[in-house]
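# Examining the three-dimensional arrangement
As a plain string of letters, each chain reads:
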Amino acid sequence: MSASYQPAEILADAGVSDSPSHWVDGRSWVPEKTSRVDVEDPATGRVFAAVAAGGPDEVDFAAVAAHAAYHNVWAPMPPARRGALLQLLAGRLLDEQEPIARLESLDTGKPLSQARGDVAVAARYFAYFGEAADKLSGETFWAERADLSYTVREPYGVVAQIIPWNSPITQLARGVAPALAAGNTVVVKPSELAPISPLVLGRLIREVGIPDGVYNVITGLGDIAGAALTAHPLVRQITFTGSVQTGKRVLASSAEHLAHCTLELGGKSPTLVFDDADVPAAARAAAAALIRNAGQSCSATTRILVHESVHDQLLDAVITRVSGLKLGPGLTDPDLGPLVSERQLNRVLQLIGTATAEGARIVVGGGRAEGEGIVDGYFCEPTVLVDVTNDMTVARQEIFGPVQSVLRFSDEEEALAMANDSAYGLSSAVFTRDFARAHRLARLLQSGQVHINEYPLDSVETPFGGYKESGIGREKGLQALAGYTQLKTVLARVAAASD
Ligand code: NDP
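In this text the structure is predicted, and so the values were computed from the model without any measurement.

## Focus: the overall build of the protein chain
Assigned secondary structure in the protein chain consists of 16 helices and 20 strands. A globule of 499 residues ought to have a C-alpha radius of gyration of about 23 Å, and the protein chain, at 24 Å, matches this closely. Taken along its principal axes, the extent of the C-alpha atoms in the protein chain is 80 × 60 × 40 Å. Put simply, the protein chain has 499 residues, and 57% of those count as buried. Of the contacts made within the protein chain by residues no fewer than 6 positions apart, 73% connect residues no fewer than 24 positions apart. When the accessible area of the protein chain is evaluated, it comes to approximately 19700 Å², of which 50% is carbon and sulfur surface.

## Structural notes on the sheet that holds strand β14 (residues 361–364)
If you trace the 7 strands from one edge of the open sheet to the other, you get β14-β15-β16-β13-β12-β17-β18, paired in mixed fashion. Of all the strands in the sheet, the pair left with one neighbour each is β14 and β18 (449–452). Neighbour-to-neighbour, the strand axes of this sheet turn through a mean angle of 25 degrees, independent of strand direction. Alignment of strand β13 (residues 303–307) against strand β16 (residues 403–409), held across 5 bridges, turns out to be parallel. Pairing of L305 across the sheet is with L407, part of β16. Across the sheet, helix α15 (residues 435–444) lies against β12 (270–273), β17 (427–431) and β18, angled at about 165 degrees from β18, the strand it touches most.

## Some details on the site of the ligand
Close to the ligand lie 31 residues; I163, W165, S191, E192 and S243 are nearest. Separating an oxygen atom of the ligand from a side-chain N or O atom of N166 is a distance of 3.5 Å. Take G266: an N or O atom from its main chain is 3.3 Å from a nitrogen atom of the ligand. For the ligand, the accessible surface in isolation is 860 Å², of which the surrounding protein chains cover 92%. Those elements that place two or more of their residues in the shell around the ligand are α8 (222–231), β10 (235–241), α9 (244–256) and α12 (342–357). The class makeup of the residues in the shell around the ligand is 12 nonpolar, 11 polar and 8 charged.

## So, the sheet that holds strand β6 (residues 148–155)
Read across the open sheet, the 3 strands follow the order β5-β6-β20; overall the sheet is antiparallel. Unpaired on one side and paired on the other, β5 (140–141) and β20 (485–492) mark the two borders of the sheet. Here β5 pairs with β6 via 2 bridges, running antiparallel. Its bridge partner lying in β6, T140 is registered against Y150.

## A short note on the state of the cysteines
Counted under the stated rule, the structure contains 0 disulfides. Here C261 stays unpaired: no disulfide links it, and the sulfur of C298, its closest cysteine neighbor, is 17 Å away. Under the relative-accessibility criterion, C298 is labelled buried at 8%.

## Examining the pattern of salt bridges
Scanning the entire structure with this criterion turns up 23 salt bridges. The partner of R92 in a salt bridge is D95, with the nearest N and O atoms 3.3 Å apart. Separated by 3 residues within a single helix, R92 and D95 lie in helix α3 (residues 79–95), roughly one turn from each other. Note that R92 is salt-bridged to E96, the shortest N-O span being 2.9 Å. Each member of the pair, R92 as well as E96, carries the same accessibility label: buried. Through salt bridges with shared partners, a single ionic network connects R92, D95, E96, R203 and E207.

## Structural notes on the domain arrangement of the protein chain
One frequently used descriptor of interface size is the decrease in accessible area upon assembly of the parts. According to the domain assignment, the protein chain consists of domain 1 (7–265 + 475–485) and domain 2 (270–459). For domain 1 versus domain 2, the separation of C-alpha centres amounts to 30 Å. Of the roughly 2000 Å² buried between domain 1 and domain 2, counting both surfaces, carbon and sulfur atoms make up 55%. Summed over the shared surface of domain 1 and domain 2, the result is 1 salt bridge. Of the charged contacts in the structure, one is a salt bridge between D458 and K476, with a shortest N-O distance of 2.8 Å. Linking domain 1 to domain 2 there are 12 residue pairs in polar contact (both at pLDDT 80 or more). When residues of the side of domain 1 that touches domain 2 are traced back to their parent elements, those giving at least two are α4 (97–108) and α5 (112–132). The class makeup of the residues in the side of domain 1 that touches domain 2 is 10 nonpolar, 9 polar and 5 charged.

## Some remarks on α3
Taking 1.5 Å of rise per residue, 17 residues should cover 24 Å, and α3 covers 25 Å from first to last C-alpha, within 8% of that figure. For α3, every residue scored as buried is listed here: R82, G83, L85, L86, L89, A90, R92 and L93. Its buried side turned inward, α3 meets α2 (56–74), α4, α5, α6 (168–181) and α7 (197–207).

Definitions and cut-offs
- Residues numbered from 1 in each chain as written.
- Predicted model: local features only at pLDDT ≥ 70, side-chain atom pairs only at ≥ 80, totals over all residues.
- Heavy atoms only, no water.
- Helix = DSSP H or I, 4+ residues; strand = E, 2+ residues; numbered from the N terminus.
- Rg over C-alpha atoms; globule rule 2.2 N^0.38 Å.
- Buried < 20%, exposed > 50% of the residue type's maximum accessible area, 1.4 Å probe, protein only.
- Contact = heavy atoms within 4.5 Å.
- Areas by Shrake-Rupley, 256 points an atom, 1.4 Å probe, with all protein chains shown as cover.
- Pairing = 2+ DSSP bridges.
- Axes fitted to C-alpha atoms, helices over the stretch in contact; angles between N-to-C directions.
- Near = heavy atom within 4 Å.
- Polar contact = N/O pair within 3.5 Å; in protein donor to acceptor, adjacent residues only side chain to side chain.
- Nonpolar A, V, L, I, M, F, W, Y, C, P; charged D, E, K, R; others polar.
- Disulfide = S-S within 2.5 Å.
- Salt bridge = Lys/Arg side-chain N within 4 Å of Asp/Glu carboxyl O.
- Domains from an automatic or database assignment.
- Buried area = accessible area lost by both parts, 1.4 Å probe.
- Expected span 1.5 Å × (residues − 1).

Encoded structure:
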């Protein structure tokens, strides 16, 4: 396939080379000798860049720079000034929306319009948390022994951000914006599969006047650079987004030096569709779960639990929505781009094979997508599986691909039991016109978010995070600031001692 875009031009427009360095202390930096990790265009399988492969020494250099910036400039800076700088950054991101979106689309494979949306959301995180920076406050208490007692919220110091490959710029902003607003400094380790936009952000951060050392990026392999970062003694808080398996390793590593940890680990989120539901709206949500980012989203609702009386109606509507979707390189702005890597494609195809072996039936798609313009990339057909039961592997494991599973239920009790019978608990949705049932289920569903009659409804302002193995802690909304601050209690004697 001959791509109708030039990766070299896209890199140049975003102000980054095809062999970028780490970003440390306000500049591009790489040691004299470094090995590199190839970065592929998932739409063609071709290598278009090679990032520096950091290790413990590079991580240490970045952590020391972040620690110095924390003590010398960022924590002492008046919060209103910090907030104003973050708001300037939001504006700069919007100025550069198009080149960054093109880069993000090239790096991840996602459709260009979705990448544009991701950059806008990233900007919104910096605007929102920039506005919140000077509004952190504590409480005062009556206390038995102290005359005056109050709490203050203080930053941790150096914060590690380990981000995945599915939406790097937004997932970075989701953690970096509240961390910086609260007065921490950061070291970011992007995924080796989509590592470039965090480096571009370094330049913008410098341009708006955020001091050197406040924001640092070390690229490289998860097992080496990521592991060195989570083990670094100067890192006092870690935010990790990715798989449960790696999340557990990060938590174990943080335990060695008792760093605080926020884990966002994905899900197997259910959508419950009742007999009184707005079925077209539920079908739209079911289809969106596999279309948006080709299903590579932690909050994709990939178990559609539908009442048997509307099962066929819903299924027909979903099939209509996902049949005839256009696949292509992200930069051509199709409905669906490729999956991020050959490994991810093979994993998804294997899970589809396991589903049929266990008794599920494919009604749409089911294989590697082939055709003009998509022969070399990692494209998967949008796939709908029916006759899925909750004990099947496809209903229990996160797929991270364009695959939707449809399951039947006969009453509310059964639907709730199926929904909660999962190791995960990130998000869920209920479609019903019965107000009481909707809110009864909202109380009983074991997930960090419950959406009613539309999915997704969440945004920068609404707290997000998992129950059970979907994670620890909350991101988004003002609640996120709690994860980037520690509470100090001050107890004072102000009245004269009476002996
Ligand atoms: P991982 O959990 O392995 O990777 C997530 C991030 O962690 C990446 O930046 C990775 O770097 C880094 N990492 C890997 N090993 C370590 C380590 N020992 N210490 C610190 N950081 C580390 O996800 P995968 O890429 O392997 O994806 C596998 C599955 O995870 C997906 O199929 C999906 O189910 C799930 N996932 C969920 C996401 C979510 O948003 N919840 C996002 C991504 C994946 P590197 O990539 O360089 O190895």
